[in-house]
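Read off the chains here:
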Amino acid sequence: MNRVLLGSPVKQDYAILKEFLESINNLETEEIELDIMFIDDNDDTKSKRLLKNYRKNGCRIIVKPSENSISYSKDDTTHYWNHQLIRKVAAFKNAIIAYAKENHYDYLFLVDSDLYLHPMTLKQLILSKKDIISEIFWTKWTPDSIELPQVWLEDNYRLYARKKGEILSQEEVNKRTFDFLNILQKPGVYRVGGLGACTLISKKAINAGISFDEIYNISFEGEDRHFCIRAVALGFELFVDTHWPSFHMYRDSDLEELKWYKDTLNKVNGRYNYIVLPNKRRINVNQNSLTLAMTVKDEASRYLTDVLKVASKIADKAVIVDDASNDNTREVFQKFFEGKELIYIVNETSMFNNEVKLRKKLWESVIATNPDWILCLDADEIIEDKIVEHIKNIINQPYYDVMCFRIYDFWDEKHYREDMYWNAHTKYWPFLLRYQPQFNYVWKETPLHCGRFPSNIFEQPHAIADIRVKHMGWSKAEDRIKKYQRYMELDRGGKYGILEQYASILDANPSLKEWIE
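To keep things clear, this report deals only with the structure shown in the data block. Only a predicted model underlies this, so the values are computations on that prediction, with no experimental measurement involved. (Residues numbered from 1 in each chain as written. Predicted model: local features only at pLDDT ≥ 70, side-chain atom pairs only at ≥ 80, totals over all residues. Heavy atoms only, no water.)

## Section: the overall build of the protein
- The helix and strand tally for the protein stands at 14 helices and 24 strands.
- For the protein, the spread of C-alpha atoms along the three principal axes comes to 85 × 55 × 40 Å.
- Carbon together with sulfur atoms contributes 48% to the accessible area of the protein, which is approximately 24400 Å² in total.
- Across the protein, the centroid of the 71 positively charged side chains sits 2 Å from that of the 78 negatively charged ones. (Helix = DSSP H or I, 4+ residues; strand = E, 2+ residues; numbered from the N terminus. Areas by Shrake-Rupley, 256 points an atom, 1.4 Å probe, with all protein chains shown as cover. Lys, Arg positive; Asp, Glu negative; His and termini not counted. Charge placed at Lys NZ, Arg CZ, Asp CG, Glu CD.)

## Regarding helix α10 (residues 329–336)
- Taken together, the buried positions of α10 are occupied by T329, V332, F333 and F336. Summarising the axial view, the buried residues of α10 lie within an arc of 95 degrees, below the 170-degree limit, and thus occupy one face. (Buried < 20%, exposed > 50% of the residue type's maximum accessible area, 1.4 Å probe, protein only. Arc of directions from axis to C-beta.)

## Focus on the environment of K175
- Relative to the helices and strands, K175 resides in helix α5 (residues 170–183).
- For K175, a relative accessible area of 46% gives the class partly exposed.

## Some points on the pattern of salt bridges
- Inspection of the entire model under this criterion finds 32 salt bridges.
- In this structure, E355 engages R359 in a salt bridge whose closest nitrogen and oxygen atoms are separated by 3.4 Å. Note that E355 and R359 are positioned in helix α11 (residues 355–367) at a spacing of four residues, about one turn of the helix.
- In this structure E355 comes out as buried when scored by relative accessible area, which is 15%.
- Here R434 and D401 are joined by a salt bridge, their closest N and O atoms 2.6 Å apart. (Salt bridge = Lys/Arg side-chain N within 4 Å of Asp/Glu carboxyl O.)

## As for the nonpolar core
- Ranked by size, the top nonpolar core spans 45 residues in total, and within it L292, M294 and L308 carry the most contacts.
- For this core, the leading source of residues is helix α9 (residues 304–314), giving six residues.
- Setting aside chain neighbours within four positions, we find L308 in contact with L292, M294, K313, V332, F333, F336 and F337. (Core = buried A, V, L, I, M, F, W, Y, C linked by side-chain atoms within 4.5 Å. Contact = heavy atoms within 4.5 Å.)

## A few points about the pairing of strand β17 (residues 341–346)
- Here six bridges tie strand β16 (residues 317–322) to β17, and the two strands are oriented parallel to one another. Bridge pairing links V321 to I345 in β17.
- Between the parallel pair β16 and β17, the chain is carried across by α10, and the sense of this crossover is right-handed. (Pairing = 2+ DSSP bridges. Right-handed = clockwise from strand over helix to strand, strands pointing away.)

## Brief notes about the sheet that holds β17
- Sheet architecture is open: eight strands sit in the order β17-β16-β15-β18-β22-β20-β23-β19, paired in mixed fashion. Both outer strands of the open sheet, β17 and β19 (381–383), are each paired with one neighbouring strand and no more. Within this sheet the neighbouring strands show an average axis-to-axis angle of 30 degrees, counted without direction.
- Across the sheet, α9 touches β15 (290–296), β18 (373–376) and β19, and the angle it forms with β15 is around 160 degrees.
- Against the sheet, helix α12 (residues 387–395) contacts β15, β18, β19, β20 (402–409), β22 (429–434) and β23 (462–471), and its axis sits at roughly 55 degrees relative to β22. (Axes fitted to C-alpha atoms, helices over the stretch in contact; angles between N-to-C directions.)

## Overview of unusual backbone geometry
- Its identity as a non-glycine residue notwithstanding, A324 has a phi of 65 degrees, on the positive side.
- Mapped onto the fold, A324 is located in the loop between β16 and α10.
- In this structure, N370 takes a positive phi of about 50 degrees despite not being glycine.
- The residue N370 is located in the loop between α11 and β18 in this model.
- Given a relative accessible area of 43%, N370 falls into the partly exposed group.

Dropping the structure here:
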């Protein structure tokens, strides 16, 4: 059982304070003995009354009045701070630290009163077993800016790392900043250089002398910066957890968006659903839908029926780009997706000789539907039917955005090829993708071998699944000859592929292995 003091200096509008207290009331506290300490700095009578009357089952509530009358202002653009106000807040936080130390709490959880905490926040931070760790939240510091985290890597608020004496171009600064922000969108625990506002502090750190006192020879403004510098000087590393981001009610106008955040916190089977807000990783752990994405051309009499026997069982809808077929491919899809949404786009002129344009057209058509998960298959790829029993677990887990399967290149109906050029099945390849609207997807801009998904998807959290895919496109001699001729036409110099592999397509006696169901 961990004894935890949740502490918060409070000077807050009634509407925001009400939401803050609601989120504290919803915190999961199993195996936690929680006390709560507020320093009441409110001017508003309603806010004072709300704080005074707040109760949480099983918790001792301590409300101490502020003895500092310095006030601050905010509007729907930003908050306005000066040195006196910063030192006032630092003194409040130091008083809470002192109380936690005197009463021998295992942890102090310092929280700003304009946050709506996810119910799992406190338990998650304790599970990290770090001495100083913050739960992440994201904020538009000005209305026209992008959302940024309350943690940083270096100095005042630098969101990229730089070695001593290293001179960086603006392009490299932008890249490193993007890399850092992208990492923070993946659930995990990461070391940072600065943090604040939603921070768990261990007894060890408290007893070592951490505080928000001003360091006289540091010019950085802000009590959190002085806290972080002192903590590192005392030998503590700083960390951020990104599993359960809090919602920052930075402006009154954020309360409208908070409604959506709260709608995602429905408890299902003992666990919480959670979707992060725009510009961050979107997660839903209940009732995700799956969109089948496919490019096709004259597939009706080939393998499409076998492909759709499985794919149509797991897909809720389909987005298809037909590359100028002359057969009844469309009717095959209509049969398998009867009663489901089918978006069928037909190219008047074939794009087959520029694969990336065809793939990008499919991608843009799919994401226009704002999908949850995308299953991207070719019309000759048959997934093992055991995926039917596993698909709900795969697309409703909160941890990974890319799922990879093994794919086997069949050389006849029962055998797949395995040699130095044909060994794709020894690796895992992306077939399923959770669409993240704010992720900057980038394609490999080549007319051949560009990939079924954008090339940078492995920057997102990814995993493997024990699912196999039969690739039947090589299983007939006439198809292999057509593919060889195509490669020779489009890539005779081996610019996009391997010439030796192209030549091996025509091997008379390839090394084959029997497929075992």
